[in-house]
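Structural description and commentary
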Amino acid sequence: MILNGEYVDPLIYVNQTNKRPQKVDIGENVSNWKPYIEQAFSELGYTITEDKLTRILNQISRESTGDQNTIQKLEDSNSGDEITFNNGICPWCPSSTGETCNNTNIGHGLLQFIPTTFKSCRLHESEDIFNGYNQICALIVNAEEKGGGDYSHIGNGTGWYPY
(Lines give C-alpha, C1' and ligand atoms only; values in the text may rest on other atoms or scores of the structure.)
Protein backbone atom coordinates (compact mmCIF):
# COMPACT_ATOMS: atom_id res chain seq x y z
CA MET A 1 0.00 0.00 0.00
CA ILE A 2 1.09 3.58 -0.52
CA LEU A 3 1.12 5.80 2.56
CA ASN A 4 2.37 9.36 2.38
CA GLY A 5 3.88 8.62 -1.02
CA GLU A 6 5.89 5.58 0.10
CA TYR A 7 5.23 1.85 -0.06
CA VAL A 8 4.37 0.35 3.33
CA ASP A 9 3.78 -3.36 3.90
CA PRO A 10 0.07 -3.50 4.82
CA LEU A 11 0.60 -6.42 7.18
CA ILE A 12 3.12 -4.48 9.24
CA TYR A 13 1.14 -1.22 9.11
CA VAL A 14 -2.11 -2.75 10.32
CA ASN A 15 -0.50 -4.86 12.99
CA GLN A 16 1.60 -2.04 14.44
CA THR A 17 -0.62 1.00 14.19
CA ASN A 18 -4.25 -0.02 13.78
CA LYS A 19 -6.54 -2.41 15.57
CA ARG A 20 -9.35 -4.10 13.75
CA PRO A 21 -12.84 -4.59 15.14
CA GLN A 22 -13.42 -7.59 17.31
CA LYS A 23 -15.63 -10.30 15.89
CA VAL A 24 -18.86 -8.63 14.84
CA ASP A 25 -22.30 -10.14 15.22
CA ILE A 26 -24.32 -8.88 12.29
CA GLY A 27 -26.40 -11.93 11.50
CA GLU A 28 -26.61 -13.55 8.13
CA ASN A 29 -27.61 -10.54 6.03
CA VAL A 30 -24.83 -10.25 3.46
CA SER A 31 -25.39 -6.54 2.86
CA ASN A 32 -24.55 -5.89 6.53
CA TRP A 33 -20.92 -6.64 5.62
CA LYS A 34 -20.68 -3.64 3.27
CA PRO A 35 -19.38 -1.10 5.85
CA TYR A 36 -16.79 -3.63 7.06
CA ILE A 37 -15.55 -4.20 3.52
CA GLU A 38 -15.29 -0.43 3.04
CA GLN A 39 -13.47 -0.08 6.37
CA ALA A 40 -11.02 -2.86 5.44
CA PHE A 41 -10.12 -1.20 2.13
CA SER A 42 -9.62 2.12 3.90
CA GLU A 43 -7.61 0.64 6.74
CA LEU A 44 -5.39 -1.34 4.39
CA GLY A 45 -4.85 1.66 2.11
CA TYR A 46 -6.31 0.15 -1.07
CA THR A 47 -8.78 1.78 -3.41
CA ILE A 48 -12.26 0.34 -3.28
CA THR A 49 -14.42 0.30 -6.38
CA GLU A 50 -18.06 -0.59 -6.75
CA ASP A 51 -16.96 -3.66 -8.73
CA LYS A 52 -14.66 -4.90 -5.94
CA LEU A 53 -17.33 -4.28 -3.30
CA THR A 54 -19.98 -6.12 -5.32
CA ARG A 55 -17.66 -9.03 -6.04
CA ILE A 56 -16.78 -9.49 -2.37
CA LEU A 57 -20.44 -9.26 -1.29
CA ASN A 58 -21.40 -11.79 -3.98
CA GLN A 59 -18.66 -14.14 -2.80
CA ILE A 60 -19.77 -13.83 0.81
CA SER A 61 -23.30 -14.67 -0.29
CA ARG A 62 -22.08 -17.72 -2.18
CA GLU A 63 -19.70 -19.03 0.47
CA SER A 64 -21.58 -18.46 3.74
CA THR A 65 -24.74 -16.39 3.18
CA GLY A 66 -23.10 -13.91 5.56
CA ASP A 67 -22.63 -16.35 8.45
CA GLN A 68 -19.06 -15.90 9.72
CA ASN A 69 -19.38 -18.95 11.98
CA THR A 70 -20.14 -21.54 9.33
CA ILE A 71 -17.99 -24.48 8.36
CA GLN A 72 -18.01 -26.27 5.03
CA LYS A 73 -20.56 -29.05 5.13
CA LEU A 74 -18.85 -31.33 2.61
CA GLU A 75 -15.40 -32.34 1.51
CA ASP A 76 -14.53 -31.65 -2.10
CA SER A 77 -11.50 -31.41 -4.39
CA ASN A 78 -10.50 -28.13 -2.74
CA SER A 79 -10.38 -29.58 0.77
CA GLY A 80 -6.89 -29.92 2.11
CA ASP A 81 -5.28 -32.69 4.09
CA GLU A 82 -6.34 -33.51 7.62
CA ILE A 83 -5.02 -31.28 10.36
CA THR A 84 -3.08 -33.37 12.86
CA PHE A 85 -2.33 -31.04 15.72
CA ASN A 86 -3.95 -29.74 18.91
CA ASN A 87 -4.78 -33.22 20.23
CA GLY A 88 -6.78 -34.10 17.14
CA ILE A 89 -9.08 -31.10 17.38
CA CYS A 90 -9.02 -28.44 14.70
CA PRO A 91 -7.44 -25.42 16.41
CA TRP A 92 -9.65 -23.10 14.37
CA CYS A 93 -13.00 -24.51 15.47
CA PRO A 94 -14.87 -23.61 18.65
CA SER A 95 -14.49 -26.94 20.43
CA SER A 96 -16.41 -25.61 23.44
CA THR A 97 -19.65 -25.82 21.44
CA GLY A 98 -18.91 -29.29 20.16
CA GLU A 99 -19.14 -28.19 16.53
CA THR A 100 -15.80 -28.82 14.90
CA CYS A 101 -14.77 -29.53 11.36
CA ASN A 102 -13.92 -33.11 12.35
CA ASN A 103 -10.23 -32.37 11.97
CA THR A 104 -10.25 -31.79 8.22
CA ASN A 105 -8.85 -28.87 6.28
CA ILE A 106 -12.18 -27.63 4.92
CA GLY A 107 -13.64 -24.16 4.48
CA HIS A 108 -14.25 -22.10 7.60
CA GLY A 109 -16.09 -18.83 8.11
CA LEU A 110 -17.36 -15.97 6.00
CA LEU A 111 -15.29 -16.61 2.86
CA GLN A 112 -14.65 -20.32 3.50
CA PHE A 113 -10.89 -20.12 3.90
CA ILE A 114 -9.28 -23.46 4.61
CA PRO A 115 -7.06 -23.01 7.68
CA THR A 116 -3.73 -23.39 5.87
CA THR A 117 -4.70 -20.77 3.27
CA PHE A 118 -6.06 -18.40 5.91
CA LYS A 119 -2.82 -18.71 7.84
CA SER A 120 -0.83 -17.74 4.74
CA CYS A 121 -3.10 -14.81 3.76
CA ARG A 122 -4.15 -13.39 7.12
CA LEU A 123 -2.79 -10.35 8.84
CA HIS A 124 -0.35 -11.62 11.42
CA GLU A 125 -2.44 -11.03 14.54
CA SER A 126 -5.65 -12.30 12.91
CA GLU A 127 -5.86 -15.65 14.67
CA ASP A 128 -9.65 -16.01 14.59
CA ILE A 129 -10.67 -17.67 11.33
CA PHE A 130 -14.30 -17.12 12.32
CA ASN A 131 -13.89 -13.34 12.47
CA GLY A 132 -15.47 -12.18 9.21
CA TYR A 133 -13.51 -8.93 9.23
CA ASN A 134 -10.25 -10.90 9.43
CA GLN A 135 -11.32 -12.94 6.41
CA ILE A 136 -12.25 -9.84 4.42
CA CYS A 137 -8.83 -8.32 5.18
CA ALA A 138 -7.10 -11.56 4.17
CA LEU A 139 -8.99 -11.70 0.87
CA ILE A 140 -8.19 -8.05 0.06
CA VAL A 141 -4.49 -8.35 0.93
CA ASN A 142 -4.28 -11.54 -1.14
CA ALA A 143 -5.98 -9.99 -4.18
CA GLU A 144 -4.05 -6.71 -3.96
CA GLU A 145 -0.59 -7.95 -2.97
CA LYS A 146 -0.38 -11.37 -4.62
CA GLY A 147 -2.87 -10.82 -7.42
CA GLY A 148 -1.92 -7.30 -8.44
CA GLY A 149 -5.40 -5.96 -7.70
CA ASP A 150 -7.15 -8.62 -9.78
CA TYR A 151 -10.61 -9.50 -8.43
CA SER A 152 -11.88 -11.21 -11.59
CA HIS A 153 -11.98 -14.62 -9.88
CA ILE A 154 -14.11 -13.34 -6.98
CA GLY A 155 -17.89 -12.99 -6.99
CA ASN A 156 -18.60 -14.93 -10.18
CA GLY A 157 -21.08 -17.38 -8.69
CA THR A 158 -18.48 -20.06 -8.03
CA GLY A 159 -15.93 -20.74 -5.35
CA TRP A 160 -12.94 -18.40 -5.27
CA TYR A 161 -9.26 -19.16 -4.95
CA PRO A 162 -6.40 -17.21 -3.41
CA TYR A 163 -3.30 -16.32 -5.40
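Preceding this section is the structure that the text describes.
All of the points below concern the structure found in this document. (Residues numbered from 1 in each chain as written. Predicted model: local features only at pLDDT ≥ 70, side-chain atom pairs only at ≥ 80, totals over all residues. Heavy atoms only, no water.)

1. Things to note about helix α2 (residues 34-44)
How we decide: Burial classes follow relative accessibility: with a 1.4 Å probe on protein chains only, a residue under 20% of its type's maximum area counts as buried, one over 50% as exposed, and anything between as partly exposed. Each helix is a run of H or I in the DSSP string that is no shorter than four residues. Each strand is a run of E no shorter than two, and both are numbered from the N terminus. The directions considered for the arc run from the helix axis to the C-beta atoms.
If you check which residues of α2 are buried, you get I37, A40, F41, E43 and L44. Down the axis, α2 shows its buried residues gathered within 170° of arc, on one side only. Trailing α2 by a residue or two, G45 shows a phi angle of about 85°, which is positive.

2. Notes on the pattern of salt bridges
Worth spelling out the cut-off: What counts as a salt bridge is simple: a side-chain nitrogen of Lys or Arg found within 4 Å of a carboxyl oxygen of Asp or Glu.
Scanning all chains against the criterion turns up two salt bridges. We note a salt bridge from K52 to E144, for which the minimum N-O separation is 2.9 Å. One end of the pair, K52, is in helix α3 (residues 50-64); the other, E144, is in helix α5 (residues 132-146), with 92 residues separating them in the sequence. Assessed through its relative accessible area of 13%, K52 is described here as buried. With relative accessibility at 15%, the residue E144 sits in the buried group.

3. Looking at the packing of α2 against α5
Keep this limit in mind: Inter-axis angles, ranging from 0 to 180 degrees, are taken between N-to-C directions of lines fitted to C-alpha atoms, where helices are fitted over the stretch in contact. Roughly parallel refers to an angle under 35 degrees, roughly antiparallel to one over 145, roughly perpendicular to one between 65 and 115, and oblique to any angle outside these ranges. For any helix crossing, the convention is left-handed if the near helix is rotated counterclockwise from the far helix by under a right angle, and right-handed if that rotation is clockwise. Residues are treated as being in contact if the distance between any of their heavy atoms lies within 4.5 Å.
Close contact between α2 and α5 brings their axes to 10 Å; oriented N to C, the two are set at 50°. Relative to α5, the element α2 is oriented oblique. Between α2 and α5 lies a crossing of right-handed hand. Counting all contacts with α2, which are made through Y36, I37, Q39, A40, F41, E43 and L44, the residues of α5 involved are Y133, I136, C137, I140, V141 and E144.

4. A closer look at the packing of aromatic side chains
Threshold: Side-chain rings of Phe, Tyr and Trp, where Trp is taken by its six-membered ring, are said to pair if the distance between their centres is within 6.5 Å; with planes under 30 degrees apart they count as stacked, over 60 as edge-to-face, and otherwise as tilted.
Throughout the structure, instances matching the rule amount to five aromatic pairs. Summarising the aromatic geometry, the rings of Y36 and Y133 are spaced 6.4 Å apart at their centres and angled 75° between planes, so their arrangement reads as edge-to-face. You can see Y36 sitting in helix α2 and its partner Y133 sitting in helix α5, a full 97 residues away along the chain. For the ring pair F113 and W160, a centre distance of 5.1 Å and an interplane angle of 80° mean the geometry is edge-to-face. With F113 in the loop between α3 and α4 (115-121) and W160 in the segment after α5, this residue pair connects regions lying 47 residues apart in the sequence. Taken individually, F113 and W160 each receive the classification buried, so the pair is uniform in this respect. A network of ring pairs unites the aromatic residues W33, Y36 and Y133 as a single cluster.

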